[in-house]
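Residue-level structural notes
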Protein chains: 2
Amino acid sequence: MRIEQGSTHEAVRRHNLSVVLRQLHLGGDLSRSELAVRTELNRSTIKALVHQLGGLGLVAEGPSDLRGTPGRPSPMVGVQRKRLAVLAVEIAVDSVAVATVGLGGHVHDRRRVERPDDRSEPAEIVGMVRALAAELIRPDRPIIGIGVAIVGIVRGDDGFVHVAPNLGWTAVPFGDVVARGLRPLVNSDDAPVFVANEGDLGVLAEHTRGAARGYDDVLYVSGEVGIGGGAIVGGQRLTGASGYAVEVGHLPVNPQGSRCGCGGRGCWETEAGQRRLLHLAGVPDSDAGPAAFAGVVAAARAGEQRARQAVEEVGRWLGIGLTGLINVFNPERVLLGGMYARAFDILEPVVVNVLRERALTPSPAEIVPAALGSDAALIGAAELALAPLLEHPDTGLNGRVSLTDQPTG
Amino acid sequence: MRIEQGSTHEAVRRHNLSVVLRQLHLGGDLSRSELAVRTELNRSTIKALVHQLGGLGLVAEGPSDLRGTPGRPSPMVGVQRKRLAVLAVEIAVDSVAVATVGLGGHVHDRRRVERPDDRSEPAEIVGMVRALAAELIRPDRPIIGIGVAIVGIVRGDDGFVHVAPNLGWTAVPFGDVVARGLRPLVNSDDAPVFVANEGDLGVLAEHTRGAARGYDDVLYVSGEVGIGGGAIVGGQRLTGASGYAVEVGHLPVNPQGSRCGCGGRGCWETEAGQRRLLHLAGVPDSDAGPAAFAGVVAAARAGEQRARQAVEEVGRWLGIGLTGLINVFNPERVLLGGMYARAFDILEPVVVNVLRERALTPSPAEIVPAALGSDAALIGAAELALAPLLEHPDTGLNGRVSLTDQPTG
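Residues numbered from 1 in each chain as written. Chains lettered and ligands numbered in written order. Predicted model: local features only at pLDDT ≥ 70, side-chain atom pairs only at ≥ 80, totals over all residues. Heavy atoms only, no water.

Some thoughts on the overall build of chain A
Per the secondary structure count, chain A includes 13 helices and 16 strands. Relative to the 2.2 N^0.38 estimate, which gives 22 Å for 409 residues, the radius of gyration of chain A is 23 Å and therefore close to what a compact globule would have. C-alpha extents for chain A along the principal axes are approximately 65 × 50 × 45 Å. When the 409 residues of chain A are sorted by exposure, 56% land in the buried category. (Helix = DSSP H or I, 4+ residues; strand = E, 2+ residues; numbered from the N terminus. Rg over C-alpha atoms; globule rule 2.2 N^0.38 Å. Buried < 20%, exposed > 50% of the residue type's maximum accessible area, 1.4 Å probe, protein only.)

Here you go:
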């Protein structure tokens, strides 16, 4: 609820319903007494809320937890993992992935394919997604929403992609393209479609189920060809006014640096991105790609000097950009994802050194590798699509789907 | 309330009490019907909450609003502006200011003096503050808290100043120094003391009563010798994990730039701060100061070429840093304060040009001058000290002060 507005008893009941469902979604199965402790609500309130969530088809009670708790045994409660699903989609530079995901972040099924061409049209990409999704959708598990992670700058409201340089897209109403292409498949004329930047969804995923869990102030920076990012501030994902926040790839770090596709010069991704690293390591442009990167890192680990220097030079620029972002966000944790996670052992000491030289305060953030690897954006896309149901368990489905007459899953 | 925890009816009542007091604090006198509209609470709830706030000595009802509203006339309600005060303090590089401020942001009285020496000890500074404050404090207006804005990097919990380069301080437990020095003066052993960075309090003030009012995503950048900043994200002040967020002065923007006092090179404030501007304009270091700055800006306006180029070059670096920060925050509005506000007419076109060249999205933020001038930090310090009372009108004073047996102010 917004701080400027008053609240009502009805709003409290709905807030508490959401809190209980979210605890189970994030925390796994819990006894009713554990729920009472975590939510600071009393047992009879918990009992009523669990009953209501059960009636909605969202949770089920199991046998009591008998693990030596004092007093009466307390029934275990868990989400219904398989009665509904969201369709999670990731559109990366070199692959497309689709998953069906239920409450609890339970992945029912997934597919990922390499993309043959990095200049595909939006409708072609959605066609690939549709073909993959068709294999995953089951009639007994209604799809309640569609979440899409994409390597581009996306308006939060409607999924309009302003620019996706690594896909070659400009001004694509991608939310509409997805809705047209996928809604028929999921048998819904109004399944909500959410599109967001993959860095923003990466940090959402890491905050929900990865290395940022339990941290309220987190910076996530993921490097491949470009550099993506996301931030959690005060426990919430930072979106900015229109959903463009934490576009860190184009931070100006070196006015004497190389030209960038964005029109600037010396953007962070021109200095600390994968192309720079491969170039420094002497890999010809025609050989660039994940395999070449893995080769350079292996050579660096084996002590090959040019490879080592290439990784370390990129690490130095990574550290310079992180210095600024740590000054801006004062995070507890910084998560490095993508190629930065894959070369973490070499990069981390270089980064820490730069931060130590330039840090303003004696408590710089802890630098850790991201935990979810290449699945982060997909997991984040699922969380984005599940959010309305978690926020409003009793109305989030908006009458589109009835779960209560279905078999228990 | 935190999203993870359940809520109770008692919490709702207290939340609503806070909402009503905050509406009056920020919005000035309002009729009870206007309060009902703004808070989305019904009239009888508003009546009860206003009655309770009246009993606490925090608001008073006046004559009805008869300006043609339909239905029964609705009594006007306003905060008690003079029954209590906070002590607001600003410690700037070249001056110290103190004000007493009541509910509604009503400034009862204020004093500002130039500082003779920019390397004063913390206790000396607090001595200056005490002498000024002694002239302002009145026995009939209890001081309920002390808020301090300072040009340094401050831990939010306890006001520990890690470093204040422009004061020559390192590792000063300044919250303690303030408490020891000022609590006896305000006749309280436990008046809460809050210390924060002046950029953070500048944005708080502009958001509450200045050019950022009504905006949920705001970046504030204020330049003098150093560059300070603050941000509002999703309607809340960004503090970071420990209170150090938005330390923008040391963003690395130019690896080939000048050495900075922080140990880095080419920090934003070495490229876009006042010293650089005066240096480019040919002002000798011995003449540096606000008067010299005003002279250069006047000369630039009059068409003197070297002065004009100096201001524009600083504007270019201001724009480069802002490009990065706009990519990070995606604000609706960017407020330029301090010397950037005083030279806004010359700087703004230069900045807009840089942003246009480098912006990633077609909706760059609106760039406006800050509205509160040199009072911003002081007004923010008052808001910081008033916050506990606004958050918990019935317990925020923690029994320290009773207002109900005092005359109406």
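Following the structure, the description resumes.
A few points about unusual backbone geometry
All names here are of chain B. Although it is not a glycine, Glu40 sits at a positive phi angle of roughly 60°. In this structure, Glu40 sits in the loop between helix H2 (32–39) and helix H3 (43–55). On the basis of relative accessible area, Glu40 is assigned to the exposed category, the value being 54%. Of note in the backbone geometry, Val246 takes a positive phi value of approximately 60° without being a glycine. For Val246, the position within the fold is in the loop between strand S14 (236–237) and helix H7 (268–272).

Digging into the domain arrangement of chain A
Residue and element names in this part refer to chain A. For chain A, the domain assignment lists domain 1 (10–66), domain 2 (85–200 + 375–391) and domain 3 (211–370). Facing the 13 residues of domain 2 at the interface are 15 residues of domain 3. Summing both partners gives a buried area of about 1000 Å² for domain 2 against domain 3, and 45% of it is carried by carbon and sulfur. A per-residue breakdown of the area domain 2 buries against domain 3 is headed by Ile153, Gly199 and Asp200, which together make up 45% of the total. There are zero salt bridges connecting domain 2 and domain 3. Where the side of domain 2 that touches domain 3 is concerned, the elements lending two or more residues are strand S8 (153–154), helix H6 (198–209) and helix H13 (376–391). For the side of domain 2 that touches domain 3, the per-class residue count stands at four nonpolar, six polar and three charged. (Domains from an automatic or database assignment. Contact = heavy atoms within 4.5 Å. Buried area = accessible area lost by both parts, 1.4 Å probe. Salt bridge = Lys/Arg side-chain N within 4 Å of Asp/Glu carboxyl O. Nonpolar A, V, L, I, M, F, W, Y, C, P; charged D, E, K, R; others polar.)

Considering H13(A)
Residues and elements named next belong to chain A. Here H13 is 16 residues long and its end C-alpha atoms lie 22 Å apart, about the 22 Å a rise of 1.5 Å per residue gives. At Ala385, H13 shows its maximal bend, which comes to roughly 35°, and the proline Pro388 appears one to four places after that position. When you tally the buried positions in H13, you get twelve out of 16 residues, the bulk of the element. The complete set of buried residues in H13 reads Ala376, Ala377, Leu378, Gly380, Ala381, Ala382, Glu383, Leu384, Ala385, Leu386, Leu389 and Leu390. (Expected span 1.5 Å × (residues − 1). Bend = angle between axes of the 7 residues up to and from the residue.)

Brief notes about the relation of the copies chain B and chain A
At an RMSD of 0.0 Å, chain B and chain A line up after a rotation of 180° and a shift of 0.1 Å along the axis. Accordingly, the operation relating the two chain copies is best matched by a two-fold axis. Same-surface contact between copies: 100% of interface residues of chain B are shared with the interface of chain A. (Least-squares fit on C-alpha atoms with pLDDT ≥ 70 in both.)

So, the pattern of salt bridges
Taken as a whole and judged by the stated rule, the model has 40 salt bridges over all chains. Measuring nitrogen to oxygen at the nearest pair gives 2.8 Å for the salt bridge that ties A:Glu34 to A:Arg38. Of this pair, A:Glu34 and A:Arg38 are both found in helix H2 (residues 32–39), four residues apart, which corresponds to roughly one turn of the helix. On the accessibility criterion, A:Glu34 (31% relative accessible area) is partly exposed. With relative accessibility at 34%, the residue A:Arg38 sits in the partly exposed group. Two residues, B:Arg342 and B:Glu224, come together in a salt bridge whose shortest N-O distance is 2.9 Å. Residue B:Arg342 is located in helix H11 (residues 339–342), and its partner B:Glu224 is located in the loop between strand S12 (218–223) and strand S13 (227–233); the two are separated by 118 residues in the primary sequence. Looking at B:Arg342, the relative accessible area reads 41%, which means it is partly exposed.

As for the side chain of B:His25
Residue and element names in this part refer to chain B. Residue placement: His25 occurs in helix H1 (residues 9–27). When its relative accessible area of 2% is taken as the criterion, His25 is described as buried. One polar contact links His25 to Glu383, side chain to side chain, over a distance of 2.8 Å. Excluding residues within four positions of it along the chain, His25 makes contact with Val79, Leu103, Gly104, Gly105, Arg209, Glu383, Leu386 and Leu390. (Polar contact = N/O pair within 3.5 Å; in protein donor to acceptor, adjacent residues only side chain to side chain.)

Describing the environment of A:Val314
Secondary-structure assignment places A:Val314 in helix H10 (residues 305–329). In this structure A:Val314 touches A:Glu271, A:Ala272, A:Gly273, A:Arg276, A:Leu277, A:Leu280 and A:Tyr340, once residues within four positions along its chain are discounted.

Quick word on the packing of helix H9 (residues 290–301) of chain B against helix H10 (residues 305–329) of chain B
Residues and elements named next belong to chain B. Closest axis-to-axis distance for the H9/H10 pair is 7 Å, and the angle between their directions is 110°. As judged from the angle between their axes, H9 and H10 are roughly perpendicular. For the crossing formed where H9 meets H10, the hand is left-handed. Taking contact as the criterion, the partners of Val296, Ala299, Ala300 and Arg301 in H9 are, on H10, Ala307, Arg308 and Val311. (Axes fitted to C-alpha atoms, helices over the stretch in contact; angles between N-to-C directions. Parallel < 35°, antiparallel > 145°, perpendicular 65-115°, else oblique. Left-handed = near helix turned anticlockwise from the far one by under 90°.)

Side note on the packing of aromatic side chains
Per the counting criterion, the structure on display carries three aromatic pairs over all chains. Ring geometry for A:Phe329 against B:Phe329: centres 5.9 Å apart, planes inclined by 55°, an arrangement best described as tilted. Of the two residues, A:Phe329 is situated in helix H10 and B:Phe329 in helix H10; the pairing between them involves two chains. Looking at B:Phe329, the relative accessible area reads 2%, which means it is buried. (Phe/Tyr/Trp six-rings, centres within 6.5 Å; stacked < 30°, edge-to-face > 60°.)

Considering the sheet that holds strand S5 (residues 95–101) of chain A
All names here are of chain A. The sheet built from five strands is open, its strands ordered S6-S5-S4-S7-S11 with mixed pairing. Because the sheet does not close on itself, it has two edges, and the strands there are strand S6 (107–114) and strand S11 (193–197). This sheet shows a mean twist of 15° between the axes of neighbouring strands, independent of strand direction. Packing against the sheet, helix H4 (residues 122–134) makes contact with strand S4 (85–91), S5 and S6, and its axis sits at approximately 40° to S5. (Pairing = 2+ DSSP bridges.)

Some details on the sheet that holds strand S9 (residues 161–164) of chain B
Residue and element names in this part refer to chain B. Taken in spatial order, the three strands of this open sheet run S8-S9-S10, and their pairing is antiparallel. Lying at the two open borders of the sheet, with one neighbouring strand each, are strand S8 (153–154) and strand S10 (169–172). Note: S8 against S9, two bridges, orientation antiparallel. Looking across to S9, one finds that Val154 is bridged to Val161.

A short note on the environment of B:Ala179
All names here are of chain B. The topology assignment puts Ala179 in helix H5 (residues 174–182). Residues Ala179 and Val233, 54 residues apart in the sequence, show an inter-C-alpha distance of 31 Å. Excluding its chain neighbours within four sequence positions, the residues that come into contact with Ala179 are Pro184 and Val193.

Observations concerning the environment of B:Pro73
Mapped onto the elements of the fold, B:Pro73 is located in the loop between strand S2 (59–65) and strand S3 (74–79). Residues B:Pro73 and B:Phe344, spaced 271 residues apart in sequence, show a C-alpha to C-alpha distance of 46 Å.

With respect to the interface of chain B and chain A
Each partner contributes residues to the interface: chain B has 64 residues there, and chain A has 65 residues. Here chain B meets chain A over a buried area of about 5000 Å², counting both sides, of which 59% is carbon and sulfur. Put simply, chain B and chain A have zero salt bridges between them. Taken together, the links from chain B to chain A amount to 18 residue pairs in polar contact (both at pLDDT 80 or more). Listing elements by their share of the side of chain B that touches chain A, those giving two or more residues are H1, H2, S9, H10 and helix H12 (344–358) of chain B. In terms of residue count, H10(B) provides more of the side of chain B that touches chain A than any other element does, eight residues in total. Its residues assigned to classes, the side of chain B that touches chain A comprises 28 nonpolar, 24 polar and twelve charged.

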